[in-house]
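Remarks on the overall topology
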Amino acid sequence: MKNLSIKEKAEKILKLKEEKGALILAHYYQNLEIQHMADFCGDSFELAKIARTSDKDIIVFCGVSFMAESAKIMNPEKRVFIPRKDAGCLMADMVTPEIVIEMKKAHPDACVVCYINSSAATKAVSDICVTSSNAVKVVGTLKEKEIIFIPDKNLGAYVAEKFPEKTFYFMEGFCPVHHNLSKEDIKNAKENHPEAALVIHPECQKKLLCDADCIGSTSEILDFCRESDKSEFLVGTESAIAERLGEEFPEKKFHLISPCLVCPDMKKTSLDDLLSTLENLDDEVIMTKEEILAARLPLERMLEAASKK
Ligand code: 13P
Ligand code: SF4
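Attention in this report is confined to the structure presented alongside it. Just so it is clear, the model here is predicted, and its values are computed rather than measured. (Residues numbered from 1 in each chain as written. Chains lettered and ligands numbered in written order. Predicted model: local features only at pLDDT ≥ 70, side-chain atom pairs only at ≥ 80, totals over all residues. Heavy atoms only, no water.)

Concerning the overall build of the chain
Applied cut-off: Numbering of helices and strands starts at the N terminus; helices are DSSP runs of H or I of at least 4 residues and strands are runs of E of at least 2. With the radius of gyration taken over C-alpha atoms, the globule rule is written as 2.2 Å times the number of residues to the power 0.38. For the exposure calls, accessible area comes from a 1.4 Å probe over protein chains only, and a residue counts as buried if that area is under 20% of its type's maximum, exposed if over 50%, partly exposed in between. Contacts between residues were defined by any pair of non-hydrogen atoms, one from each residue, lying within 4.5 Å. To be clear on the numbers: accessible area is Shrake-Rupley with a 1.4 Å probe, and residue cover counts the displayed protein chains and nothing else. Note on charges: Lys and Arg go in the positive column, Asp and Glu in the negative column, and His and the chain ends are not counted at all. For charged residues, the charge sits on one atom: NZ in Lys, CZ in Arg, CG in Asp, CD in Glu.
When its secondary structure is counted, the chain shows 15 helices and 12 strands. Taking 19 Å as the expected radius of gyration for a compact globule of 309 residues, we find that the chain reaches 19 Å, a close match to that expectation. By its C-alpha atoms, the chain is 55 × 55 × 35 Å across when sized along the principal axes. Out of the 309 residues in the chain, the part that is buried amounts to 57%. Restricting to contacts in the chain with at least 6 residues of sequence separation, those with at least 24 account for 62%. Of the roughly 13,400 Å² that the chain leaves accessible, carbon and sulfur atoms contribute 51%. Each charge sign in the chain was given a centre, from 41 positive and 52 negative side chains, and these centres are 3 Å apart.

Points about the pairing of strand β11 (residues 232–236)
Successive residues of a regular strand alternate their side chains across the two faces of the sheet. Heads up, the condition is: Two strands make a pair as long as DSSP finds a minimum of two bridges between them. Looking down the strands as they point away from the viewer, one classifies a crossover as right-handed if the path from the first strand across the helix to the second runs clockwise.
Taken across its 5 residues, β11 has 5 buried, putting it largely inside the fold. Residues E232, L234 and G236 point to one face of β11 and F233 and V235 to the other, with burial holding for every one of them. Examined bridge by bridge, strand β9 (residues 197–200) and β11 share 4 bridges and lie parallel to one another. Bridge pairing in β11 places A197 opposite F233. As for the winding sense of the linkage, the β-α-β connection from β11 through helix α13 (residues 239–248) to strand β12 (residues 253–256) is right-handed.

Things to note about the packing of helix α1 (residues 6–20) against helix α14 (residues 271–280)
What counts, and what does not: With axes taken as lines fitted to C-alpha atoms, and helix axes fitted only over the stretch in contact, angles between N-to-C directions fall between 0 and 180 degrees. With respect to orientation, any angle under 35 degrees is reported as roughly parallel, any angle over 145 as roughly antiparallel, any angle of 65 to 115 as roughly perpendicular, and every other angle as oblique. For any pair of crossing helices, the crossing counts as left-handed if the nearer helix is rotated counterclockwise from the farther one by less than a right angle, and right-handed if it is rotated clockwise. Only Asp, Glu, Lys and Arg are considered charged in this grouping, and only Ala, Val, Leu, Ile, Met, Phe, Trp, Tyr, Cys and Pro are considered nonpolar; every other residue, Gly among them, is considered polar.
The contact between α1 and α14 brings their axes to 9 Å, and the two run at 30 degrees. For the element pair α1 / α14, the angle class is roughly parallel. The two elements α1 and α14 meet at a crossing, and its hand is left-handed. The residues of α14 that touch α1, namely those facing I6, K9, K12, I13, L16, K17 and K20, are L271, D272, L274, L275, L278 and E279. Per-class residue counts for the contact of α1 with α14 are 7 nonpolar, no polar and 6 charged.

What about the sheet that holds strand β8 (residues 167–170)?
In spatial order, the strands read β6-β5-β7-β8; together these 4 strands make up an open sheet with parallel pairing. The strands lining the two open edges of the sheet, one partner per strand, are β6 (128–130) and β8. This sheet shows a mean twist of 30 degrees between the axes of neighbouring strands, independent of strand direction. Where strand β5 (residues 111–115) meets strand β7 (residues 146–150), 4 bridges bridge the pair, whose relative direction is parallel. Among the inter-strand pairings, V113 is bridged to a residue of β7, identified as F149. Most of the contacts of helix α8 (residues 153–160) go to β8, to which it runs at about 175 degrees, and overall it touches β5, β7 and β8.

Looking at the pattern of salt bridges
Any two side chains of opposite charge can pair, so long as their charged atoms come close to each other. Stated formally: A side-chain nitrogen of Lys or Arg and a carboxyl oxygen of Asp or Glu constitute a salt bridge if their distance falls within 4 Å.
Summed over all chains, the structure comprises 22 salt bridges. Of the charged contacts in the structure, one is a salt bridge between D273 and R84, with a shortest N-O distance of 3.4 Å. Of this pair, D273 sits in helix α14 while R84 sits in the loop between β4 (79–81) and α5 (97–106), and the two are 189 residues apart along the sequence. When its relative accessible area of 16% is taken as the criterion, D273 is described as buried. A relative accessible area of 24% means that R84 is categorised as partly exposed.

Some points on the site of ligand 2
To keep things clear, this is the line we draw: In this text, near means that some heavy atom of the residue lies within 4 Å of the molecule or strand in question.
Y29, C89, L90, M91, N117, C175, H178, E203 and C263 make up every residue found near ligand 2. Across the shell around ligand 2, the residue classes tally to 6 nonpolar, 2 polar and 1 charged.

Right, dumping it as structure tokens:
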């Protein structure tokens, strides 16, 4: 398999996908060759919604484990596969159910808002989930005055700023890929490209967001760059976004603000992995009914809140 060309592997993948009746989903941080194989690419909210309504019996999720797990929770009748089971999320690993339970004990009246970048077990002890694209809207629907926001303290701080009437409690959780971006990195990028628009993911530190032209999820960033009449952009999120935009708009320039903006787990999935998953149907996401049911409610609540007018 390894000695096939990229074109031959791609052809095999598309043929197997049809034969097995599979739906391939890919997050926007996946290598471009994986995104090219997908029926849908999206941010975590879009992919969760597509997985929920899929009528295909097999979903192959090219992303990290919490995303594939969320697809299984949303549509438990389907078989969900992840080509790299070892693709985790460094931020999701920073929170455990025990941490949440301790925070709830300290703040019994608070609503637990759980970023979707978390395990099913953590979601199960939370009240409602959010993604980066809907966090502000979803928190805006909550009647509670106190919010425990886990695990991302940066996304949490961004959301908290919009609700000065609420009290937020955070934990020490963050995405190392985004958190390590510094003010200095932004300053240097702006000096080198003074005409460029700054687009940035809210997993970056709050002090970096004030100068941004667009703060948004991966999808929102892509849409902003597609619709903007600017011809140069400073990209403050994972490298695949700059690569994808560069491919879509060869006449525009997309500068990744720092070479550190690479998520090692998102980069694990290769064409060989995807091909092998489709051939062998191994690497299935296996969860018990109880695990699924316990984590489903906060995700369903998110969908309902996010769909409110
Ligand atoms: P999005 O929901 O914006 O795609 O973000 C997912 C993620 O893991 C960002 O690091
Ligand atoms: Fe997790 Fe950060 Fe990678 Fe997103 S970029 S999957 S938050 S480690």
